[in-house]
Amino acid sequence: MTTGYTYVDGDWRDMNDPLFSSNCHGVWLSSFIFDGARAFEGVAPDLDRHCERTIRSAETMGLGVPMDAGRIEEIAREGITKFGREAELYIRPMVWTDSGFVAPDPETVRFALTVYEMPMPGDKGFKACLSTRRRPAPDMAPTDAKASCLYPNAGRAIAEARARGFDNAVMLDPMGNVAEFATANLFIVKDGVAVTPAPNGCFLNGITRQRVIKLLREKGQEVVEGRVTPQDLMEADEIFNTGNYGKVMPVIKYEDRELQPGPVYRMARELYWEFSHKHG
């Protein structure tokens, strides 16, 4: 089993210890949100922002707020100290309710935070294809929260991609435009210009996405937030992602197109690592 610890009810325990009953609302009816942050190479970039998003997601889902973001960050940093400085860790705060009749009962809100070892995937890149699954519209699902109930469809997209020999999948929005990868935000580069789908409520405006856009623009790289079509992917010079799992990773194959990690991707990754070691 993975080595890790979970903070719950004021104490740390083995992460593999059970947290839920079979009648828990969070398990049975999906009143469950989480967030993800990373610690690696002795840094934990934007940890405060991930903790703040935890609170926003809980509020969006009507779960109640178990504590403030500052306290969540304190717990996370305490958990990080349980490992060596160079450990590669995933930090996952979670909020759910124990009770409620269909709608969650905020009076029964619960909180836990798990810190566990998860190696960084490196920069070798991944293969992606277009999925038949789509992201839901904001009036169809809680797309403005990092809600667990959104992930089964992403899981089906990844399973579909793996069956075709790929690692990840590009998901469209309800209008047929590119939204993101199943597990991360998406960037393309064409003629030296970086383009990323504009947030339209169908997917989260990721924390790493926002950070990379800011870093690239400060360096003088043009970044456009706009419409991206499936055809744009077939004509792109570069494709890369931003997300918590690997931070910034290149696509080395999209459908039947072989791709190389390009200069804008390399800039984005280098700038992000530089930022992380200065401010993480």
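Note: the structure precedes this text.
Right, let's talk about helix H2 (residues 47–60) for a bit. Over its 14 residues, H2 extends 20 Å from the first C-alpha to the last, a length consistent with the 20 Å expected when each residue adds 1.5 Å. Within H2, the full set of buried residues consists of Leu47, His50, Cys51, Arg53, Thr54, Ile55, Ser57 and Ala58. Elements that come into contact with the buried residues of H2 comprise strand S3 (32–34), strand S4 (37–39), helix H3 (69–80), strand S5 (89–97), helix H5 (207–218) and strand S14 (247–254). Gly62 sits one or two positions beyond H2 and adopts a positive phi of about 70 degrees.

Taken together, the side chains of Trp28, Leu29, Phe101 and Val102 make up a nonpolar region of the molecular surface, amounting to roughly 500 Å² of accessible area. Along the chain, the position of Phe101 falls in the loop between S5 and strand S6 (109–117).

Quick look at H3 now. Given 3.6 residues per helical turn, the α-helix brings residues three or four places apart onto the same face. Between its first and last C-alpha atoms H3 spans 17 Å; for 12 residues at 1.5 Å apiece the expected length is 16 Å, and the two agree. The complete set of buried residues in H3 reads Ala69, Ile72, Ile75, Ala76, Gly79 and Ile80. Looking straight down H3, one finds that the buried residues subtend no more than 145 degrees of arc, so they occupy a single side. Contact partners of the buried residues in H3: strand S1 (4–8), strand S2 (11–14), S4, H2, S5 and S6. Two to three positions downstream of the cap, the backbone nitrogen of Gly70 sits 3.2 Å from a side-chain oxygen, assigning the N-cap of H3 to Asp68.

Relative to the assigned elements, Asn23 resides in the loop between S2 and helix H1 (25–28). When the C-alpha positions of Asn23 and Asp98 are compared, they lie 7.8 Å apart, and in sequence the two are 75 residues distant. Sequence-distant contacts of Asn23, defined by excluding residues within four places in its chain, comprise Trp28 and Asp98.

Viewed as axis vectors pointing N to C, H2 and H3 meet at an angle of 130 degrees, and their least axial separation amounts to 8 Å. Here H2 is positioned oblique relative to H3, judged by the angle of their axes. Crossing hand, H2 versus H3: right-handed. Contacts from Leu47, Asp48, Cys51, Glu52, Thr54 and Ile55 of H2 reach H3 at Ala69, Ile72, Glu73, Ala76, Arg77 and Ile80. For the contact of H2 with H3, a count of residues per class yields 7 nonpolar, 1 polar and 4 charged.

This part covers unusual backbone geometry. Of note in the backbone geometry, Val102 takes a positive phi value of approximately 65 degrees without being a glycine. When you line up the elements, Val102 lands in the loop between S5 and S6. We classify Val102 as exposed; its relative accessible area is 55%. Not every positive phi belongs to a glycine, and Lys247 is a case in point at roughly 70 degrees. Looking at the secondary structure, you find Lys247 in strand S14.

The rules behind these values
Residues numbered from 1 in each chain as written. Predicted model: local features only at pLDDT ≥ 70, side-chain atom pairs only at ≥ 80, totals over all residues. Heavy atoms only, no water. Helix = DSSP H or I, 4+ residues; strand = E, 2+ residues; numbered from the N terminus. Expected span 1.5 Å × (residues − 1). Buried < 20%, exposed > 50% of the residue type's maximum accessible area, 1.4 Å probe, protein only. Contact = heavy atoms within 4.5 Å. Patch = residues over 30% accessible without salt bridge, like charges linked within 9 Å, V, L, I, M, F, W, Y side chains within 5 Å. Areas by Shrake-Rupley, 256 points an atom, 1.4 Å probe, with all protein chains shown as cover. Salt bridge = Lys/Arg side-chain N within 4 Å of Asp/Glu carboxyl O. Arc of directions from axis to C-beta. Polar contact = N/O pair within 3.5 Å; in protein donor to acceptor, adjacent residues only side chain to side chain. Axes fitted to C-alpha atoms, helices over the stretch in contact; angles between N-to-C directions. Parallel < 35°, antiparallel > 145°, perpendicular 65-115°, else oblique. Left-handed = near helix turned anticlockwise from the far one by under 90°. Nonpolar A, V, L, I, M, F, W, Y, C, P; charged D, E, K, R; others polar.

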